[in-house]
Amino acid sequence: MGGPVGRSSTSGEKTRSRVRRVDRLGGGEGVGEGVGEGGSGTGGDSRDAEGGDAPASGGSGQRGRRTEGHRRGAAAGARSRSSRRAPKNGKRRVLRWSASVLAVLILGTGGAGYLYYERLNSNIKKEDLTLGDKQMADHKANAAGQTPLNILLIGSDARDSEANQKLGGAKETFGATPLADVQMLLHLSADRSNLSVISMPRDTMLKMPKCTAPDGKVYPASTRDVQTNESLGRGGPGCTVATWYELTGIRIDHFMMIDFAGVVSMADAIGGVPVCVDANIRSRTADGKGSGLELEKGTTSIQGEQALQWLRTRYGFEDNTDLGRAKAQHQYMNSMVRELRKGTKLTDPAKLMNLAEAATKALTVDKGLDTVKKLYDLAEEFKKVPTKRITMSTMPNVYGTGVNNGRVYPKAGDAEQLFRMVRDDVPLDGKASKRKKPEEPKDPSAPVGEIAVSVRNGTATDALGPASGRAGEVADQLKNAGFGRTSVDSGNVTGVARTGILYPSADLEGDAQAVAKALGVPLSQVKRSTDVSGISLAVGADWREDGAYPVSEGTEKTPESAGALNGEDEGACMKVNPNYTW
């Protein structure tokens, strides 16, 4: 069985006058945080979040209420919007009004309002962005000087509080090391025109990088495949960030983590979200496993504990694995964003205050998102993306065999293609505008004969050792192209999924790009990194054979195995496993 395929902070507030923008939470924060609540779920180990007794209230053993009129409500909202004086800006009027109400509530109370704002800030828990010892490569700006934003959303199954323990799970797991049972990467394009989401199944097997916890404890890099959700127990969410970077090569700018109780509190604050099943469903096995979700066929509006049940359900959706659960989470998130953008939610000042409290208490974030102002600014960036340009996807994967039966591995080729599209800021919805070529470096390259290049063999994979002689063969290609100062680094054979060229400082960017052009390596695979002291070329697993660099064909198409779901698709409906219907 083959193994894994490889490896902006916003500014803070300074003056009180800027606080006015902070609490326009009704629209922007709702969307931003709503996306961040992706839920928590587990798969096949003893820490199954669906195991144990389900809560008695909020949906367990209770059928959800059908909502026949939610589309009529949307139509009525559309008619109302068409009658406004300023149709150009009318569709955001309710959101702006809601947000301004909360701002008035805070600012209108003078010093007390400022104290409330500070209280919201104090609710937010903060941790280090990454615990890995690898410096993440910088984003490469587009032709307009814009850079993308990558946010890792983490759903923790922590049962370290009474509120979390009441929401189910086996009692022997109470107080145990938490697992990162939901992991979703949100990629906001550099021009803010589109949003791509990649879910990584919790059962994904991969190599863990070395992580150093805030207390100084060192977790060595794993020598065997480990389930990805264990990364959270290796020092905290910063190790989950480092693990994603190790596998994907995608720079992570921020993370946001939420637990079971946080999902419930935020789902209650946001209100009902319509979801669909193609048959009656009851998620409960004979031995007591399952989320307890019970719904009738068709569309139901869910919130609170019932929303958590939906987000956690594995037994009853499709093949009863984490893959079906990821699809259900995508459906919920898309539906929630559509509901929030209709402007019919969060118009009550009290609900706005409740959402502000729920969101800030529920979240653990990196230190670059440590204030309400920064969270608000991030949400404002997400609001720029139209719903029709939101694409949900799941990392392409294949099932393991033997002792890893039931677990999954990144699918060779397809997974790397999806990661590459995000790295290169290619939209997953296939609607890429004509993208300009990367700008030429301001500092031109030196004569090729003066450029020093170190070449190493990174062709090893979990299934295959390094391809013999690859570093020397590529070095010969460079020498034949005039790069006389090319050398081979035979001491580093760490495998990488794709060939890449690293350089340490801006004055060497032109030289590094000259190396890439000589070999036919895309300039998007040239990155600045503090991990190197000079220009370093890693020949990856994508170039194990002799000859020219194999540029992939059709690489701007999202693999079908990613199961892409568009944010505007209101016809999405979860397929119910026939063994869990009634």
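Check the entry above for the structure.
Everything quoted here is computed from the prediction, not taken from an experiment. (Residues numbered from 1 in each chain as written. Predicted model: local features only at pLDDT ≥ 70, side-chain atom pairs only at ≥ 80, totals over all residues. Heavy atoms only, no water.)

Engineer: How would you sum up the overall build of the chain? Please name residues and give values.
Structural biologist: Regarding its fold elements, the chain presents 16 helices and 23 strands. Accessible surface, the chain: about 23,900 Å² in total, of which carbon and sulfur atoms supply 49%. (Helix = DSSP H or I, 4+ residues; strand = E, 2+ residues; numbered from the N terminus. Areas by Shrake-Rupley, 256 points an atom, 1.4 Å probe, with all protein chains shown as cover.)

Engineer: Outline the nonpolar core, listing residues and values.
Structural biologist: Of all hydrophobic cores here, the largest spans 30 residues; its most connected members are Val 277, Ile 281, Leu 295, Ile 302, Trp 310, Phe 317 and Tyr 332. Secondary-structure elements contributing two or more residues to this core are helix H9 (260–270), strand E10 (273–277), helix H10 (304–312), helix H11 (322–341) and helix H12 (349–362). Sort the elements by how many residues they give to this core and H9 lands first, with seven residues. (Core = buried A, V, L, I, M, F, W, Y, C linked by side-chain atoms within 4.5 Å. Buried < 20%, exposed > 50% of the residue type's maximum accessible area, 1.4 Å probe, protein only.)

Engineer: Break down the pairing of strand E9 (residues 254–258) for me, citing the residues and quoting the values.
Structural biologist: Of all five residues in E9, five are buried, a share of seventy percent or more. As judged from the five bridges shared by strand E2 (residues 149–156) and E9, these two strands associate in the parallel manner. Looking across to E9, one finds that Leu 152 is bridged to Phe 255. Where E9 lies against strand E14 (residues 363–366), three bridges are found, and the strand directions are antiparallel. Residue pairing for E14: Met 257 is matched across the bridge by Thr 364. (Pairing = 2+ DSSP bridges.)

Engineer: Go over the side chain of Arg 234 with me, naming the residues and quoting the values.
Structural biologist: Along the chain, Arg 234 falls in the loop between strand E8 (226–227) and helix H8 (237–248). Here Arg 234 is buried and forms no salt bridge, its nearest opposite-charge partner Glu 230 lying at an N-O distance of 7.0 Å. Setting aside chain neighbours within four positions, we find Arg 234 in contact with Leu 131, Met 208, Pro 209, Lys 210, Cys 211, Tyr 219, Pro 220, Ala 221 and Cys 239. (Lys, Arg positive; Asp, Glu negative; His and termini not counted. Salt bridge = Lys/Arg side-chain N within 4 Å of Asp/Glu carboxyl O. Contact = heavy atoms within 4.5 Å.)

Engineer: Provide a residue-level description of the sheet that holds strand E3 (residues 180–188), including the pertinent values.
Structural biologist: Read across the sheet, eight strands follow the order E1-E14-E9-E2-E3-E4-E15-E23 without closing on themselves; strand pairing throughout is mixed. Edge strands, defined here as strands with exactly one partner in the open sheet, are strand E1 (125–127) and strand E23 (565–566).

Engineer: A description of the side chain of Arg 389 should follow, citing residues and the corresponding values.
Structural biologist: Structurally, the position occupied by Arg 389 is in the loop between helix H13 (372–383) and strand E15 (390–394). According to the relative accessible area criterion, Arg 389 is buried, its value standing at 13%. The residues contacting Arg 389, other than those within four sequence positions of it, are Ser 193, Asn 194, Leu 195, Pro 427, Asp 429 and Lys 431.

Engineer: I'd like to hear about the pairing of E3, residue by residue, with values.
Structural biologist: When you tally the buried positions in E3, you get nine out of nine residues, the bulk of the element. Note: E2 against E3, eight bridges, orientation antiparallel. Considered in E3, the bridge of Ile 151 is made with Leu 186. Linkage of E3 to strand E4 (residues 195–199), two consecutive antiparallel strands, is achieved through a turn of six residues, within which Arg 192 is found at a positive phi near 60°.

Engineer: Tell me about the pattern of salt bridges, and name the residues and values.
Structural biologist: On inspection of all chains with the given rule, the structure shows 24 salt bridges. Between Lys 207 and Asp 225 there is a salt bridge, and its shortest N-O distance comes to 3.0 Å. Taken together, the residues span a long stretch of sequence, with Lys 207 in the loop between strand E5 (205–206) and strand E6 (211–212) and Asp 225 in the loop between strand E7 (218–219) and E8 at a distance of 18 residues. The exposure class assigned to Asp 225 is buried, which follows from its relative accessible area of 17%. Residues participating in the shared-partner salt-bridge network are Arg 119, Glu 357 and Lys 361.

Engineer: Lay out the state of the cysteines with the relevant residues and their values.
Structural biologist: Enumeration over the complete set of coordinates arrives at two disulfides. Bridging Cys 211 to Cys 239, the disulfide has an S-S length of 2.1 Å. Between Cys 211 and Cys 239, the disulfide has an S-S torsion of 85° and is therefore right-handed. Pair noted here: Cys 211 is in strand E6 and Cys 239 is in helix H8, with a separation of 28 residues, a long-range link. (Disulfide = S-S within 2.5 Å.)

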